[in-house]
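Geometric and topological summary
Chain by chain, the residues:
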Amino acid sequence: MVFRDIWDVEIVRLRLLFAVMLMAFLGLGSALWRIQVAHGKSYQKDLMKQSVRRVRLPGVRGCIFDRNGVRLADNRPSYCIAVYLEELRQAGAWKRTITKIEKQIDELAAALNIEKEISGDDIKAHIKKRLPLPLLAWRDVDESVVARLAEQVKVQPGVDVYVEPARIYPQGNLACHVLGYVGRADPPQDEEEPFHYYLPEMTGKSGIEKKYDGILRGEAGGRLMRVDVSGFRHDDLAVKEPRSGRDVFLALDVKVQRLAEEAIRDQRGAVVVLDPSNGDVLAMASSPGFDPNEFMPVISMERWKELVEDEQRPLLNRTVAGAYAPGSTFKPVVILAALENGSIDSRTSFTCPGHFMLGRARFNCWYTPGHGTLNAREALQHSCNVFLFRTALACGYEAIYHMAVALGLGRKTDVSLDYELAGLVPDDAWKRRTYDDGWRDGDTCNLSIGQGALLVTPLQMAVLAATIANGGHVYRPRLVMALREPGEEQLRSIPSQVVNEMNWSRATTDLVRGGMRDVVMTREGTGKLAAVPGVTMAGKTGTAEYGRKEEGKKLAWMIAFAPFDHPRYAVAIMIEDAVSGGSSAAPKVQKLIR
């Protein structure tokens, strides 16, 4: 009886234990179902987030060509020696892995006979911030080092050649201010899902490289890589290849550009050459210049400091970012304004005794003996100040102001370059804002000879020369003439654009063009030193004072176009610290046109 009672109790216990175990198994099964089935995708997603890294792959930068297909900016392979850390990892503390990597790099440096470029701190920083990516122990090594490395790969595990694109400018410093230069880009801040790692990407810092950066850069790709619990790269899951950027074709002609740069070599100055028929920028030179290749892969701090602190200002693009008094090259604008508003005509004449009295103020002509009696065409030929003083007062500064603005002075040309200045065409409103004083006749006299507050850029003066050459069509300077999609041969042309029509009378055009012809083609012309045998051309010289008066600094100018009857080239040249337009700038124009 007692035994049976004990048995029954044990049976109950066993049944209770079985029930508890069954419930536990059911609970465990339910939990496993929730984890693996109900929430499996969520946990898988979390796992992927923890073990997958997104790497941004930059697009290959597009090339820049001149109008004839000559490469001005290209890409070259930059060979780097990479250490793949996952193949050198050591068990235990991180210090053991770092020591192993340092030892490997030391052995490799000795075997390749090259100096180390990274330190232990660099290795630690890479492990902390970019562990899944290869460590670039040497950058931009030459082909001889790559050849020696090929012999070491079998005995040096975890080492290989890593290729990244580098910008190259095959023509050296030719057109450096137009092309600009590139530098390392900052990671983009507007991405919906940021990448974990960003491979180095080039971005334009100045010139066409900067203005057309979005077109040249192309479209970035990406790589998904799996990492293990320690953060080392395990394998690649997927790759989206980046797209190359578009190519940019400039209106520049390398041959003309080289001539322009040679014309002002070893001097501070600028040259612009336009095609008067469509506004194409055939040459745009600023001196001194720089070699954009120095900025790749990274310019040294010492060299950057030299360029920035150089008194010659080699980084300044004087063609658009320098504003200067134009001197007598502005005189055709005054003659145009007076002819068009009827203040003078071809028969109008004034006598030049070598000076002009405005009340008690004396305004001198550059030719102190005086030019005698002359008309408008002769005034341009001899660059007579007195004729211009009297003409400007007769037509009024408002007419001169409006003519100058209509020709593009006092505003940006919107050429495809950064840091362009608008210059300044002063008027009564400007003077009242600046000096709290109204416009006076003396201001008109100064304006008439391109002095006073008047400021222009060499590009604006080239546009002026081109407009006179073509009879009154003001073109926007076209620097970029076409784009090309990657992998295609067909170019997408960017049309030239007329921004204003001057609608001058034939008599006005003939007089001013004729006077400018006489400047170059006659013995008495101030620009006779620009004459090229066998070529009929026209021009206007100018000399302008700048800086403190006691320093006696002068700018030499000349604008010109040729051939006279069917102009193909319109030129503006400016030289700092020169003697005069006729003696300093005119011979440069001859060298350029010849």
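In the block above lies the structure referred to throughout.
Throughout what follows, the structure given in this document is the object of discussion. Please read all numbers here as calculations on a predicted model, not as lab measurements.

For the rest of this paragraph, the subject is the overall build of the chain. The helix and strand inventory of the chain stands at 20 helices and 24 strands. The buried share among the 594 residues of the chain stands at 49%. Put simply, 71% of the contacts in the chain that link residues at least 6 apart link residues at least 24 apart. In the structure as shown, the chain presents an accessible area of about 29700 Å², 51% of it carried by carbon and sulfur atoms.

Bringing the pattern of salt bridges into the picture now. Summed over the entire model, instances satisfying the criterion amount to 28 salt bridges. Among the ionic pairs, K431 bridges to D443, the shortest N-O distance being 2.6 Å. Of this pair, K431 sits in helix α16 (residues 428-435) while D443 sits in helix α17 (residues 441-448), placing them twelve residues apart in sequence. What makes K431 buried here is its relative accessible area of 11%.

All right, on to the environment of L88 then. For L88, the location among the structural elements is in the loop between β3 (71-83) and α3 (94-112). C-alpha separation for the pair L88 and V159, spaced 71 residues apart in sequence, amounts to 9.6 Å. Among all residues touching L88, those that are not within four sequence positions of it are V83, T97, K100, I101, Q104 and P157.

Following S287, the chain continues to P288 via a peptide bond in cis, the omega torsion being 0°. One can find P288 in the loop between β13 (281-287) and α10 (301-309). Here the bond from A562 into P563 is cis, since omega is -15°, no more than 30 degrees from zero. With respect to the element layout, P563 can be found in the loop between β23 (553-562) and β24 (569-575). We note that R313 has phi near 55°; this positive angle belongs to a residue other than glycine. The phi angle at N503 is positive, at roughly 55°, despite the residue not being glycine.

Within the fold, A399 resides in helix α15 (residues 397-406). For the pair A399 and L336, spaced 63 residues apart in sequence, the C-alpha separation works out to 9.5 Å. If sequence neighbours within four positions are ignored, A399 has contacts with A337 and N341.

With antiparallel pairing, the five strands of this open sheet are ordered in space as β13-β12-β24-β23-β22. The open sheet has two edge strands, β13 and β22 (538-546), and neither has a second partner. Between one strand axis and the next, the sheet turns through 5° on average, direction left out of account. Two elements, strand β12 (residues 269-274) and β24, share six bridges in a ladder whose sense is antiparallel. Looking across to β24, one finds that G269 is bridged to I575. Against the sheet, helix α18 (residues 458-470) engages β12, β13, β23 and β24, with an angle of about 35° to β23.

Here helix α12 (residues 331-340) lies mainly inside the structure; nine of its ten residues are buried. Those residues of α12 lying buried are K331, P332, V333, V334, I335, L336, A337, A338 and L339. Note on α12: the residue one or two positions beyond its end, G342, has a positive phi of about 80°.

Our focus in this paragraph is the nonpolar core. Within the largest apolar cluster, 97 residues are counted, with the highest numbers of intra-cluster contacts made by I208, L250, F330, I335 and F387. Looking at this core element by element, the count peaks at nine residues for α18. With residues near it in sequence (within four places) discarded, L250 still touches I64, F65, D66, R67, L72, V178, L179, I208, L479, V480 and M481. Counting 25 residues, the second-largest nonpolar core is a separate cluster that includes V271, V519, A560 and V571.

Looking now at the pairing of strand β11 (residues 247-250). Regular strands place side chains that alternate from one sheet face to the opposite one. Burial along β11 is two-sided: the face carrying D247 and F249 and the face carrying V248 and L250 are both buried. Relative to β11, strand β2 (residues 64-65) runs parallel, the two sharing two bridges. In the sheet register, I64 faces β11, and the bridge partner there is V248.

Before going further, it helps to examine the packing of helix α14 (residues 385-395) against α17. Remark: α14 packs on α17, axes separated minimally by 8 Å, with the N-to-C direction vectors making an angle of 125°. The angle between the axes of α14 and α17 places the two elements in the oblique class. When you trace α14 past α17, the crossing you get is right-handed. Here L388, F389, A392 and L393 of α14 lie close against α17, whose contacting residues are D441, T444, C445 and S448.

The next subject is the side chain of T348. Topologically, T348 is positioned in the loop between α12 and β14 (349-352). Judged by its relative accessible area of 17%, T348 is buried. There is a polar contact of 2.9 Å between the side chain of T348 and the backbone nitrogen of D345. Not counting chain neighbours up to four residues away, the residues in contact with T348 comprise L374, N375, A376 and F387.

What follows deals with the environment of D66. Within the fold, D66 resides in the loop between β2 and β3. D66 sits in the buried class, given a relative accessible area of 1%. With 184 residues separating them along the chain, D66 and L250 place their C-alpha atoms 4.8 Å apart. Sequence-distant contacts of D66, defined by excluding residues within four places in its chain, comprise L72, F249, L250, L252, D253 and V254.

So, how was this worked out
- Residues numbered from 1 in each chain as written.
- Predicted model: local features only at pLDDT ≥ 70, side-chain atom pairs only at ≥ 80, totals over all residues.
- Heavy atoms only, no water.
- Helix = DSSP H or I, 4+ residues; strand = E, 2+ residues; numbered from the N terminus.
- Buried < 20%, exposed > 50% of the residue type's maximum accessible area, 1.4 Å probe, protein only.
- Contact = heavy atoms within 4.5 Å.
- Areas by Shrake-Rupley, 256 points an atom, 1.4 Å probe, with all protein chains shown as cover.
- Salt bridge = Lys/Arg side-chain N within 4 Å of Asp/Glu carboxyl O.
- Pairing = 2+ DSSP bridges.
- Axes fitted to C-alpha atoms, helices over the stretch in contact; angles between N-to-C directions.
- Core = buried A, V, L, I, M, F, W, Y, C linked by side-chain atoms within 4.5 Å.
- Parallel < 35°, antiparallel > 145°, perpendicular 65-115°, else oblique.
- Left-handed = near helix turned anticlockwise from the far one by under 90°.
- Polar contact = N/O pair within 3.5 Å; in protein donor to acceptor, adjacent residues only side chain to side chain.

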